[in-house]
Amino acid sequence: QVQLVESGGGLVQAGGSLRLSCAASRSILNINTMGWYRQAPGKQRELVARITSAGSTNYADSVKGRFTISKDNAKNTVYLQMNSLKPEDTAVYYCNAVTDYFGSWGQGTQVTVSS
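Source: prediction; values computed, not measured. (Residues numbered from 1 in each chain as written. Predicted model: local features only at pLDDT ≥ 70, side-chain atom pairs only at ≥ 80, totals over all residues. Heavy atoms only, no water.)

Note that strand β4 (residues 33-39) and strand β5 (residues 46-52) share 6 bridges and pair antiparallel. In the sheet register, W36 faces β5, and the bridge partner there is A49. Counting the residues in the hairpin turn of β4 and β5 gives 6 residues, including G42, whose phi is positive at 75°. With 3 bridges joining them, β5 and strand β6 (residues 57-59) adopt antiparallel strand pairing. (Pairing = 2+ DSSP bridges. Helix = DSSP H or I, 4+ residues; strand = E, 2+ residues; numbered from the N terminus.)

A separate point is the sheet that holds strand β3 (residues 18-24). In space, the 4 strands of this open sheet follow the order β1-β3-β8-β7, with antiparallel pairing throughout. Unpaired on one side and paired on the other, β1 (4-7) and β7 (67-72) mark the two borders of the sheet. Within this sheet the neighbouring strands show an average axis-to-axis angle of 15°, counted without direction. Looking at chain direction, β1 and β3 are connected through 4 bridges and run antiparallel. In the strand pairing of β3, E6 is matched with C22. (Axes fitted to C-alpha atoms, helices over the stretch in contact; angles between N-to-C directions.)

One pass over the full model with this rule turns up 2 aromatic pairs. Judged by centre distance (5.0 Å) and plane angle (70°), the ring pair of Y37 and W105 falls under edge-to-face. With Y37 in strand β4 and W105 in strand β10 (residues 103-105), this residue pair connects regions lying 68 residues apart in the sequence. Judged by centre distance (6.5 Å) and plane angle (85°), the ring pair of Y94 and W105 falls under edge-to-face. You can see Y94 sitting in strand β9 (residues 91-98) and its partner W105 sitting in strand β10, a full 11 residues away along the chain. Pairwise contacts between aromatic rings join Y37, Y94 and W105 into one cluster. (Phe/Tyr/Trp six-rings, centres within 6.5 Å; stacked < 30°, edge-to-face > 60°.)

Bringing the side chain of T99 into the picture now. Mapped onto the fold, T99 is located in the loop between β9 and β10. Judged by its relative accessible area of 12%, T99 is buried. There is a polar contact of 3.0 Å between the side chain of T99 and the backbone nitrogen of Y101. When sequence neighbours within four positions are dropped, the list of residues in contact with T99 reads N30, I31 and N32. (Buried < 20%, exposed > 50% of the residue type's maximum accessible area, 1.4 Å probe, protein only. Polar contact = N/O pair within 3.5 Å; in protein donor to acceptor, adjacent residues only side chain to side chain. Contact = heavy atoms within 4.5 Å.)

This paragraph deals with the nonpolar core. Ranked by internal contacts, the top residues of the largest apolar core, which has 28 residues, are M34, W36, L80, M82 and Y93. Elements represented by at least two residues in this core include exactly β3, β4, β5, β7, β8 (77-82), β9 and β11 (109-114). Setting aside residues up to four positions removed in sequence, M34 forms contacts with L4, C22, I28, A49, R50, I51, I69, V78, C95, N96 and A97. (Core = buried A, V, L, I, M, F, W, Y, C linked by side-chain atoms within 4.5 Å.)

This is a description of form; function is not addressed.
The following block contains the structure:
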């Protein structure tokens, strides 16, 4: 089990950028996959980006070319750099960690993109 705390959300104008951080309570070296999900009002939670323990990544089609997921194992932290933000990116963004034995979620951080 790992505790996750997101930060970095806020209000930004369309076309702007935000960098989200997900701080884990312990080493993330043995976590198979860490990712970012988002949930907009009235919508299902969806995968935004994932990164494996080996560093491979994948992204939702809607954010490819705009968002970048990365991690710093020494800091037990995963990041989501969000550029060229659009109003449709507005959502609560959640950090997720998955191993063979458990899955963990953070509390989420609100991202609001104004037009």
